[in-house]
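Given next are the chains, with one letter for each unit.
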Amino acid sequence: MLVVMETSASPEMVRQVCLEIEKMGLTAHAMPGAQRTAIGVTGNKARVDSDRILTLAGVRDIIHVTKPYKLVSREFVPENSVIDVDGIPIGGREFIVIAGPCSVESREQTLAVAQAVAKHGAKILRGGAFKPRTSPYSFQGLGQDGLKILAEARQQTGLRIVTEAIDTDTVEMVADYADIVQIGARNMQNYTLLRKAGRLSKPILLKRGLSATLEELLMAAEYIMSEGNTKVILCERGVRTFADHTRNTLDLSAIPFVKRMSHLPIISDPSHGTGRKDKVLPLSRASIAVGADGIMVEVHNKPEEALSDGAQAITPEDFARLMDDMRKLAPVLERDVP
Ligand code: PEP
Ligand code: MN
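Residues numbered from 1 in each chain as written. Chains lettered and ligands numbered in written order. Predicted model: local features only at pLDDT ≥ 70, side-chain atom pairs only at ≥ 80, totals over all residues. Heavy atoms only, no water.

Undergrad: Mind showing me how you'd approach the coordination of the manganese ion (ligand 2) here?
TA: By definition of the ideal shapes, four donors in a tetrahedron about a metal sit 109.5 degrees apart, and six donors in an octahedron sit 90 or 180 degrees apart. Ligation of the manganese ion (ligand 2) by protein atoms is provided by C102 (SG), H272 (NE2), E298 (OE) and D309 (OD), these donors lying 2.0 to 2.4 Å from the ion. Here the donor residues of the manganese ion (ligand 2) are spaced in sequence according to C-x169-H-x25-E-x10-D. Of the two residues, C102 is situated in the loop between strand 7 (96-100) and helix 3 (107-119) and D309 in the loop between strand 14 (294-298) and helix 11 (316-329); the sequence distance between them amounts to 207 residues. For C102, a relative accessible area of 6% puts it in the buried group. (Donors = N, O, S within 2.8 Å, 3.2 Å for Na, K, Ca; no water. Helix = DSSP H or I, 4+ residues; strand = E, 2+ residues; numbered from the N terminus. Buried < 20%, exposed > 50% of the residue type's maximum accessible area, 1.4 Å probe, protein only.)

Undergrad: Explain the side chain of R237 here, please?
TA: Tracing the backbone shows R237 in the loop between strand 12 (232-236) and helix 8 (254-261). At 5.8 Å, D269 is the nearest oppositely charged side chain to R237, a buried residue that forms no salt bridge. When residues no more than four places from it in sequence are discounted, the contact partners of R237 are A185, R186, K207, R208, L210, N248, L250, D269, H272 and G273. (Lys, Arg positive; Asp, Glu negative; His and termini not counted. Salt bridge = Lys/Arg side-chain N within 4 Å of Asp/Glu carboxyl O. Contact = heavy atoms within 4.5 Å.)

Undergrad: Where do I start with the layout of surface pockets in this structure?
TA: Gaps left between atoms are located by rolling a probe of water-molecule size over the structure's atoms. Estimated volume of the largest pocket: approximately 470 Å³. Together, 26 residues line the largest pocket, and M31, P32, G33, V77 and E79 are the ones closest to its centre. At the level of secondary structure, the elements contributing two or more residues to the lining of the largest pocket comprise strand 1 (2-5), strand 2 (27-32), strand 3 (37-42) and strand 5 (83-85). Here the lining of the largest pocket gets three residues from one element, more than from any other, and that element is strand 2. Looking at the lining of the largest pocket residue by residue, the class counts come to 14 nonpolar, seven polar and five charged. In this structure, the second largest pocket is lined by 19 residues; those nearest its centre are P132, R186, R247, H272 and D309. Here the residues of the lining of the second largest pocket are counted per class, giving three nonpolar, seven polar and nine charged. (1 Å grid on protein atoms, 1.4 Å probe; cavity = no way out; pocket = protein on both sides within 12 Å on 5 of 7 lines; lining within 4 Å. Points joined across faces, edges and corners; volume = space filled by probe spheres on them. Nonpolar A, V, L, I, M, F, W, Y, C, P; charged D, E, K, R; others polar.)

Undergrad: Help me understand helix 3 in this model?
TA: An α-helical turn contains 3.6 residues, so any two residues separated by three or four positions project in the same direction. With 13 residues, helix 3 extends 18 Å from end C-alpha to end C-alpha; this agrees with the ideal 18 Å at 1.5 Å per step. For helix 3, every residue scored as buried is listed here: Q109, T110, L111, V113, A114, A116 and V117. Where helix 3 is buried, its residues meet strand 7, strand 8 (124-126), helix 4 (144-157) and helix 11. Of the residues flanking the start of helix 3, the one acting as N-cap is S106, its side-chain oxygen 3.0 Å from the backbone nitrogen of Q109. (Expected span 1.5 Å × (residues − 1). Polar contact = N/O pair within 3.5 Å; in protein donor to acceptor, adjacent residues only side chain to side chain.)

Below, the structure written as structure tokens:
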């Protein structure tokens, strides 16, 4: 259920409505909007008797939300949410480019890639310090040492940092270093991790699971938001299909669908979505065209020596070309790429 307040409703009126909702044994989530405040109500097993609420001062309307996901839904928040990443807005007019290596391998490699992508216009540096690898014998990441390297790269370049947390034991440590905490495809339905991410103050980048429907993706985001963290950015990174010409099938239609279902920003990851470096550029073009709020791409200074995902890593020169293309396409799509 969603309680829509009058434009003129005072903060005290909003507080009284929240108190009344809590008295009914439910949870109130006040969400101030550009026009008016809405209060999301969760925790009800059946339809809530809304008559009591309707009589309170400042209440304009009550909307019964029929979707299983509530806080993430467009019904709850009609306008697009813009997530502030320490001064960088995701979900607004600006198309955000996140770039960097798959894994933080060394200080030299990370700083070299960070400087190159910053020079060409990336706003956020990616790089895994804790890697979820298919094989237990593959490189697992540098752990906390990797996080320290990322922090140094931020200091040198001014880029914000996104890096993955793979479990509940280390998620807080990751959040201490990162500007955005990534939850990867393999963990999209790790509900204990999602709940813990929901109690952090940092934005969360939630990647779509390998075989997740859009409803499952949004329900995963709902876990994070229901714990109080409203700063969720979704990511389409391809799903597994019968097709074997690419590593995954980048489901670009998910982007306009999610935009209709949810107010949350969604970005695209053409690197994991295709697994092939020569397909990153065309699928990046397609991503901006289809309405993504940004892209995340893997860049390596020596792709042939990469310890993970070398086949999909583009070089800094390829990245410069990609940024040029994004800048050319942006005006047609009413986007800015500074
Ligand atoms: C990544 O972005 O580093 C990653 C492991 O991606 P995914 O979770 O989408 O496989
Ligand atoms: Mn990777």
